[in-house]
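Coordinate analysis (summary)
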Amino acid sequence: MTIRVFEDTEQLASAAAEAILDTVKANPYSLLCFATGNSPVRTYQLLTENAFRENIDFTRCRCIGLDEWVQVPRTNSGTCYHLLREQLFIPLGIKESQILLFDGMAQDLEQECSKMNSFIQAQSGVDCIVVGIGTNGHIGFNEPGVDMNLQAHVQDLHESTVKAGAHYFSQPTVISRGITLGMTQVLGARKLLLLANGKSKAAILRASLQGIPTRKVPASFIQQADHAMVLIDKEAASELYQ
Ligand code: PGA
């Protein structure tokens, strides 16, 4: 794991966007996995701007989503489906045929998980994954206590995730479960970018990056991932030991 601390969100986002672009430049057929949330918003803006400016071809890559709310229709603007389309897929010109996202409204969620697992396997794993971190240490919806060996699965949401999740919706939306890639897939990605900014992430970053790895803090296992890059701003890094 490498930790890089940036002066501000702008510099952080710029480095993250460059790391994603490098993946596609090195292998145009890359499998990319994207999280939603506040942390990667500026990264995605810079990614689309820079891809356009540098004329980087995204037509051959494949894209998947890290997670999705269960039982929230795709028309809801707070879904990962909606956000990834708006922030990335439309601006980058990525076609439907290149994308696989969890359908949180599917009757058979187990089948959704199997579909995602098979897709990842068929592409020989994820080339680059972009994730954030919850204040409870989750990555995706791998909530505290999760089995680290799971692949895609459905998870009951932690109280703090439900509370934080409410901010992503412009209308009152009931959320209680999520469908998510498992930690084995997150940590198994060939390039793992964890993005975090702001004071609210300082304590959990200290526990995750400098505490003993424990299932109670799923993100703490990132310490064991050699290829992981943790990109954080000064405020998020403010509780790390020197
Ligand atoms: P955030 O969410 O990027 O909106 O802070 C991160 C997360 O909960 O995984």
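Remember, it's a predicted structure, so these values are computed and weren't measured experimentally.

**Some details on the overall build of the protein**
The number of helices and strands found in the protein is seven helices and ten strands. Taking 18 Å as the expected radius of gyration for a compact globule of 242 residues, we find that the protein reaches 17 Å, a close match to that expectation. Referenced to the eigenvectors of the C-alpha coordinate spread, the extents of the protein come out at roughly 45 × 40 × 35 Å. Per-residue burial for the protein yields a buried fraction of 55% across its 242 residues. Here the contacts in the protein between residues at least 6 apart in sequence split such that 78% fall between residues at least 24 apart. Charge centroids of the protein, computed over 20 positive and 25 negative side chains, lie 2 Å from each other.

**A short note on the site of the ligand**
Every residue near the ligand is listed here: Gly37, Asn38, Ser39, Gly132, Ile133, Gly134, His138, Tyr168 and Lys201. One of the side-chain N or O atoms of His138 is found 2.7 Å from an oxygen atom in the ligand. When the ligand is considered free in solution it has 280 Å² of accessible area, and contact with the protein chains removes 82% of it.

**Some remarks on the packing of helix 1 (residues 9-26) against helix 2 (residues 41-53)**
A packed helix pair is summarised by two numbers, namely the angle formed by the two axes and the spacing between the axes. Helix 2 packs onto helix 1 with a crossing angle of 55° between their chain directions and a minimal axis gap of 8 Å. As summarised for this structure, helix 1 and helix 2 are arranged oblique, according to the angle between their axes. Our pair here, helix 1 against helix 2, has a crossing hand that is right-handed. Every residue of helix 2 that contacts helix 1 at Thr9, Glu10, Ala13, Ser14, Ala16, Ala17, Ile20 and Leu21 is listed here: Arg42, Thr43, Leu46, Leu47, Asn50 and Ala51.

**Description of the sheet that holds strand 9 (residues 192-196)**
As summarised here, the arrangement of the seven strands in space is 1-10-9-6-2-3-5, forming an open sheet in which the pairing is parallel. Sheet topology places strand 1 (2-6) and strand 5 (99-100) at the edges, where each strand pairs with a single neighbour. Summarising the sheet, strand 1 and strand 10 (residues 228-233) pair through five bridges and their orientation is parallel. If you follow Val5 over to strand 10, its bridge partner there is Ile232.

**Side note on helix 7 (residues 202-210)**
Taken together, the buried positions of helix 7 are Ala202, Ile204, Leu205, Ser208 and Leu209. In an axial view of helix 7, the angular spread of the buried residues amounts to 160°, which keeps them on one side of the axis. Buried-residue contacts for helix 7 involve strand 1, strand 9 and strand 10.

**Points about the packing of helix 2 against helix 3 (residues 80-92)**
Two numbers describe how helix 2 lies on helix 3: the axes approach to 9 Å, and their chain directions differ by 10°. Taken as axis vectors, helix 2 and helix 3 run roughly parallel relative to one another. Contacts between helix 2 and helix 3 involve Val41, Tyr44, Leu47, Thr48 and Ala51 from the first element and Leu84, Gln87, Leu88, Pro91 and Leu92 from the second. The residue makeup of the contact of helix 2 with helix 3, split by class, is eight nonpolar, two polar and no charged.

**Description of the packing of aromatic side chains**
This model, assessed by the stated rule, comprises four aromatic pairs. Between the aromatic rings of Phe34 and Tyr44, the centroid separation amounts to 5.5 Å while the plane-to-plane angle is 85°, which identifies the pairing as edge-to-face. Linking Phe34 in strand 2 (residues 31-34) with Tyr44 in helix 2, this pair joins segments that are ten residues apart in sequence. Connected via pairs of aromatic rings, a cluster forms that spans Trp69, Phe141, Tyr168 and Phe169.

**Overview of the environment of Val230**
Locating Val230 in the fold gives a position in strand 10. Along the chain, Val230 and Arg4 lie 226 residues apart, while their C-alpha atoms are 6.1 Å from each other. Excluding its chain neighbours within four sequence positions, the residues that come into contact with Val230 are Met1, Thr2, Ile3, Arg4, Leu194, Leu209 and Ile222.

Definitions and limits used
Residues numbered from 1 in each chain as written. Predicted model: local features only at pLDDT ≥ 70, side-chain atom pairs only at ≥ 80, totals over all residues. Heavy atoms only, no water. Helix = DSSP H or I, 4+ residues; strand = E, 2+ residues; numbered from the N terminus. Rg over C-alpha atoms; globule rule 2.2 N^0.38 Å. Buried < 20%, exposed > 50% of the residue type's maximum accessible area, 1.4 Å probe, protein only. Contact = heavy atoms within 4.5 Å. Lys, Arg positive; Asp, Glu negative; His and termini not counted. Charge placed at Lys NZ, Arg CZ, Asp CG, Glu CD. Near = heavy atom within 4 Å. Polar contact = N/O pair within 3.5 Å; in protein donor to acceptor, adjacent residues only side chain to side chain. Areas by Shrake-Rupley, 256 points an atom, 1.4 Å probe, with all protein chains shown as cover. Axes fitted to C-alpha atoms, helices over the stretch in contact; angles between N-to-C directions. Parallel < 35°, antiparallel > 145°, perpendicular 65-115°, else oblique. Left-handed = near helix turned anticlockwise from the far one by under 90°. Pairing = 2+ DSSP bridges. Arc of directions from axis to C-beta. Nonpolar A, V, L, I, M, F, W, Y, C, P; charged D, E, K, R; others polar. Phe/Tyr/Trp six-rings, centres within 6.5 Å; stacked < 30°, edge-to-face > 60°.

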